[in-house]
Amino acid sequence: MNYHINHLKELESESIFLLREVASQFQNPVILFSGGKDSILMTYLAVKAFYPAKVPFPLLHIDTGHNFPETLEYRDQLVEKYGLSLIVGFVQEAIDKGFVTEERGVNASRNALQTYTLLDELEKGKYDAAMGGGRRDEEKARAKERFFSHRDEFGQWDPKNQRPELWNLFNGRKHLGEHFRIFPISNWTELDVWQYLASEKVPLPNLYFSHKRKVFERDGMLLADNEHMSKKPSEIVFEEVIRCRTIGDMTCTGVWRSTASSVEEIIAEVATTRMTERGGRSDDKRSETAMEDRKKQGYF
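Residues numbered from 1 in each chain as written. Predicted model: local features only at pLDDT ≥ 70, side-chain atom pairs only at ≥ 80, totals over all residues. Heavy atoms only, no water.

With respect to the sheet that holds strand 6 (residues 179–182)
Logical step 1: Ordered in space as 3-2-1-4-6-5, the six strands form an open sheet in which the pairing is mixed. Two strands bound the open sheet, and with one partner strand each, they are strand 3 (86–90) and strand 5 (148–151). Strand-to-strand twist in this sheet, taken as the mean axis angle between neighbours without regard to direction, amounts to 30°.
Logical step 2: Across five bridges, strand 2 (residues 59–63) lies against strand 3 in parallel orientation. The partner of Asp63 across the bridge, within strand 3, is Phe90. (Pairing = 2+ DSSP bridges. Helix = DSSP H or I, 4+ residues; strand = E, 2+ residues; numbered from the N terminus. Axes fitted to C-alpha atoms, helices over the stretch in contact; angles between N-to-C directions.)

And the structure:
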């Protein structure tokens with residue numbers, strides 16, 4: 001039990017050190033906030049890192065227009081609770097102005113369209129560091145990331161050209177127009193996240209807990225029925241007891257059959273499952289390198 005507590009404290013200390021390092025090295029950082037547990041954890045750690053002062057970074061949320069309503073409700077409550085500054089970039093605005101083209105068909109999703117809006121918001125805000133809740137255990141492309149991940153003047157990532165990070169020394173030097181993506185919780189696992197949130201009693205969106213929802217099945221995944229998706233004639237909507245393991249755009253976020261209604265039950269479930277949390281994300285299944293391709297273009 002002591003080892004478990006010490007392990008979480010070490011992860012907490014590492015993440016807080018990184019958040020403070022960002023504050024010291026960069027002029028205008030921002031926290032990328034999705035409303036999922038990882039960005040919630042990162043925001044909570046930022047509150048701890050700078051207490052009793054307010055968090056010195058704003059939150060930036062890229063709103064696809066296809067969010068779960070519960071995500072937006074939780075986001076606004078969190079901002080009010082901690083007195084945070086919130087910036088929202090809307091994918092719909094980019095579509096309306098003709099900067100991006102909305103996908104068509106039953107597999108259409110706005111998830112990839114977030115990249116343009118994200119890069120546009122980073123440019124408009126002149127942010128030189130964008131902190132994300134990515135973890136190395138999530139997906140093979142994210143496993144390649146360093147804590148300080150350089151992006152060129154076009155917001156793009158070169159996985160073969162990363163800087164060494166030895167002895168907790170982080171190189172944040174950049175040229176004009178470039179920025180960094182920072183991943184303070186890189187070394188956390190999904191189980192670590194849940195155990196820490198449980199120990200700190202952090203409130204979470206009810207999407208993570210077991211509830212009844214109308215769903216349909218597609219390619220072996222359950223998807224929440226919603227007005228933003230077209231269904232094939234063979235796809236029948238039915239009611240199921242489910243929860244979300246990851247939260248994103250409704251059009252590509254798979255849900256899981258689960259009766260876990262408490263954090264403790266979720267921890268037990270995560271500890272025994274063999275599928276990663278992103279195993280239910282249809283956007284990762286478009287190709288073998290779907291995540292890496294999006295990241296190279298500027299995706300979080």
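Overview of unusual backbone geometry
Logical step 1: Here the amide bond leading from Tyr51 into Pro52 is cis, since omega sits at 10°, within 30 degrees of zero.
Logical step 2: Here Pro52 shows up in the loop between helix 2 (37–50) and strand 2.
Logical step 3: At Lys126, a residue that is not glycine, the phi angle is positive and equals roughly 55°.
Logical step 4: As for its placement among the helices and strands, Lys126 is situated in the loop between helix 5 (114–125) and strand 4 (129–131).

Remarks on the pattern of salt bridges
Logical step 1: Applying the stated criterion across every chain, the model contains 16 salt bridges.
Logical step 2: A salt bridge links Lys9 to Glu12; the nearest nitrogen and oxygen atoms lie 3.7 Å apart. In this pair, Lys9 and Glu12 are both assigned in helix 1 (residues 2–25), three residues apart and thus about one turn of the helix distant.
Logical step 3: Look at Lys9 and you get partly exposed, because its relative accessible area is 40%.
Logical step 4: Its relative accessible area of 8% is what places Glu12 among the buried residues.
Logical step 5: The salt bridge partner of Glu190 is Arg245, with a shortest N-O separation of 2.6 Å. With Glu190 in helix 6 (residues 190–200) and Arg245 in the loop between strand 9 (238–243) and strand 10 (254–257), this residue pair connects regions lying 55 residues apart in the sequence.
Logical step 6: Through salt bridges with shared partners, a single ionic network connects Lys9, Glu12, Lys48 and Glu200. (Salt bridge = Lys/Arg side-chain N within 4 Å of Asp/Glu carboxyl O. Buried < 20%, exposed > 50% of the residue type's maximum accessible area, 1.4 Å probe, protein only.)

Details of helix 5
Logical step 1: The end-to-end C-alpha distance of helix 5, which contains 12 residues, comes to 16 Å, matching closely the 16 Å that a straight helix rising 1.5 Å per residue would cover.
Logical step 2: Of the residues one or two after helix 5, Lys126 is the one with positive phi, at around 55°. (Expected span 1.5 Å × (residues − 1).)

Describing the pairing of strand 10
A regular strand carries its side chains on alternate faces of the sheet.
Logical step 1: With two bridges connecting them, strand 8 (residues 221–224) and strand 10 associate as antiparallel partners. Within strand 10, the residue paired with Leu222 across the bridge is Val255.
Logical step 2: Both strand 9 and strand 10 contribute to a ladder of two bridges, which runs antiparallel. Counterpart to Ile242 in the pairing with strand 10 is Arg257.

What about the packing of helix 6 against helix 7 (residues 263–272)?
Logical step 1: For the pair helix 6 and helix 7, the least separation of the axes is 10 Å and the interaxial angle reads 165°. For the element pair helix 6 / helix 7, the angle class is roughly antiparallel. In this structure, helix 6 crosses over helix 7, and the sense of that crossing is left-handed. Residues Glu190, Leu191, Trp194, Gln195 and Ala198 of helix 6 pack against Val263, Glu264, Ile266, Ile267, Val270 and Ala271 of helix 7.
Logical step 2: A class-by-class count of the residues in the contact of helix 6 with helix 7 yields eight nonpolar, one polar and two charged. (Parallel < 35°, antiparallel > 145°, perpendicular 65-115°, else oblique. Left-handed = near helix turned anticlockwise from the far one by under 90°. Contact = heavy atoms within 4.5 Å. Nonpolar A, V, L, I, M, F, W, Y, C, P; charged D, E, K, R; others polar.)

As far as function goes, none of this settles anything; it's purely spatial.
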